[in-house]
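Okay, here's what each chain looks like letter by letter:
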Amino acid sequence: MKKLEMIYEGKAKKVYNTDDANVVIVDYKDDATALNGLKKGTIHDKGIINNRVTNHLMKMLEKEGVPTHFIEEISDRETIVKKVSIVPLEVIVRNIAAGSLAKRLGLEEGVKMKRTVLEYCYKDDALGDPMVNEYHILAMEYCTKEELDLIASYSLKINEVLSAYLKDLNIELIDFKLEFGKTADGTIVLADEISPDTCRFWDSVTHEKLDKDRFRRDMGGEEDAYKEIMKRLLGE
Ligand code: UDP
């Protein structure tokens, strides 16, 4: 597989074309941003950890029947994935109140939700990724009803699989963000990443934060937190 020109550079990843029109290579960076780009920095080796953690979890999800864009990890930071058109939604899954939900509903962080909460945000940096509901999504034709139903059911299944797996590693899955894409033949697959950048992970015993909140909130210790997640998930 030949790596060709860069087609996209985001906050945390670069994407390259390859000599196969259905396949791209993602290259994970150490750059970190928060507060919609207002706060910038780097987290040493984050790119390596996010690449490896994402692939580890995507392989597990594939086995559990959730289709993903994952094809093959080719280096510490690079992975071959299916080329997709991204459904312009961030799907947020929440088990425990934190972050913007805690603020919006006046809840203390750490309060368990009585049932899983699904939220959608329209992916648009200029608008600040506004929250939208099913009516907005269908009226704006961000995807079809069938696609949205599938995205919702995959998201809940992913939550079940990941929550159970992480529980055994003494990690509480507080909330996380997913993105889905459509392959050339129209199949909906899980895309983007599942990593400490996009999930809230708390140690089950100490409730210590093991995710990007350490960077967002200037708590320090983000490098050790990312390393700890990699160690618990991949044993190294
Ligand atoms: N999240 C993300 N990207 C975003 C917004 C949120 O990966 O642009 C993740 C975040 O890491 C957390 C979950 O989605 O695990 C819920 O985030 P929330 O809405 O509470 O926003 P935040 O408090 O992070 O601004």
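Here, the structure is the one placed above.
For clarity, every value in this text was computed on a predicted model and none was experimentally measured. (Residues numbered from 1 in each chain as written. Predicted model: local features only at pLDDT ≥ 70, side-chain atom pairs only at ≥ 80, totals over all residues. Heavy atoms only, no water.)

Could you give an account of the pairing of strand β7 (residues 78-82), naming the residues involved and the relevant values?
Burial of β7 is extensive: four of the five residues sit out of reach of the surface. Direction of pairing for strand β3 (residues 23-28) relative to β7: antiparallel, over a ladder of five bridges. The residue bridging valine 24 from the neighbouring strand is valine 81, located in β7. Taken together, the three bridges between strand β6 (residues 70-73) and β7 define a ladder with antiparallel strand orientation. Across the sheet, the residue bridging to glutamate 73 is threonine 79, located in β7. (Buried < 20%, exposed > 50% of the residue type's maximum accessible area, 1.4 Å probe, protein only. Helix = DSSP H or I, 4+ residues; strand = E, 2+ residues; numbered from the N terminus. Pairing = 2+ DSSP bridges.)

Let's hear about the layout of surface pockets: which residues, and what values?
Approximately 220 Å³ is the volume found for the second largest pocket. Lining the second largest pocket are 13 residues; nearest its centre among them are Asn95, Lys112, Ser163, Glu172 and Leu173. Secondary-structure elements contributing two or more residues to the lining of the second largest pocket are β9 (89-96), β10 (112-122), α4 (145-167) and β12 (171-182). Per-element tally for the lining of the second largest pocket: the top contributor is β10, with four residues. Along the lines of polarity and charge, the residues of the lining of the second largest pocket split into four nonpolar, four polar and five charged. (1 Å grid on protein atoms, 1.4 Å probe; cavity = no way out; pocket = protein on both sides within 12 Å on 5 of 7 lines; lining within 4 Å. Points joined across faces, edges and corners; volume = space filled by probe spheres on them. Nonpolar A, V, L, I, M, F, W, Y, C, P; charged D, E, K, R; others polar.)

Explain the site of the ligand to me, and be specific about the residues and the numbers.
Every one of the 14 residues lining the ligand counts as a neighbour, but Arg94, Ser100, Asp175, Arg200 and Arg216 are closest to it. One of the side-chain N or O atoms of arginine 94 is found 2.7 Å from an oxygen atom in the ligand. Between the ligand and the protein, one listed contact pairs an oxygen atom with a side-chain N or O atom of serine 100 at 2.6 Å. For the ligand, the accessible surface in isolation is 510 Å², of which the surrounding protein chains cover 75%. Those elements that provide at least two residues to the shell around the ligand are β9, α2 (99-105), β12 and β14 (199-203). Across the shell around the ligand, the residue classes tally to four nonpolar, three polar and seven charged. (Near = heavy atom within 4 Å. Polar contact = N/O pair within 3.5 Å; in protein donor to acceptor, adjacent residues only side chain to side chain. Areas by Shrake-Rupley, 256 points an atom, 1.4 Å probe, with all protein chains shown as cover.)

Break down the packing of aromatic side chains for me, citing the residues and quoting the values.
Per the stated rule, a full pass over the model turns up two aromatic pairs. The ring of tyrosine 16 is capped by lysine 3, whose NZ or CZ atom sits 4.1 Å from the centre of that ring. Here the basic side chain of lysine 39 rests over the ring of phenylalanine 215, its NZ or CZ set 4.5 Å away from the ring centre. (Phe/Tyr/Trp six-rings, centres within 6.5 Å; stacked < 30°, edge-to-face > 60°. Lys NZ or Arg CZ within 6 Å of the ring centre and 35° of its normal.)

Tell me about helix α6 (residues 222-234), and name the residues and values.
Taking 1.5 Å of rise per residue, the 13 residues of α6 would be expected to cover 18 Å, and the 18 Å separating its terminal C-alpha atoms lies within 8% of that figure. For α6, the set of buried residues is Glu222, Ala225, Tyr226, Ile229, Met230 and Leu233. What you see down the axis of α6 is that its buried residues fit within an arc of 135°, all on one side. When the buried face of α6 is taken as reference, the exposed residues oriented beyond 90 degrees from it are Asp224 and Lys231. Glycine 235 sits one or two residues past α6 and shows a positive phi near 75°. (Expected span 1.5 Å × (residues − 1). Arc of directions from axis to C-beta.)

An account of the nonpolar core is needed here, citing residue identities and associated values.
Ranked by size, the top nonpolar core spans 47 residues in total, and within it Leu89, Ile158, Leu178 and Phe180 carry the most contacts. Broken down by element, this core gets its largest block of residues, nine residues, from α4. Here leucine 178 is in contact with Leu89, Glu90, Val91, Val93, Ser155, Ile158, Leu190 and Ile194, once residues within four sequence places are set aside. Counting residues in each nonpolar core, the second largest holds five residues, with Val15, Val24, Val26 and Val81 among its members. (Core = buried A, V, L, I, M, F, W, Y, C linked by side-chain atoms within 4.5 Å. Contact = heavy atoms within 4.5 Å.)

Just distances and angles here, no functional claims.
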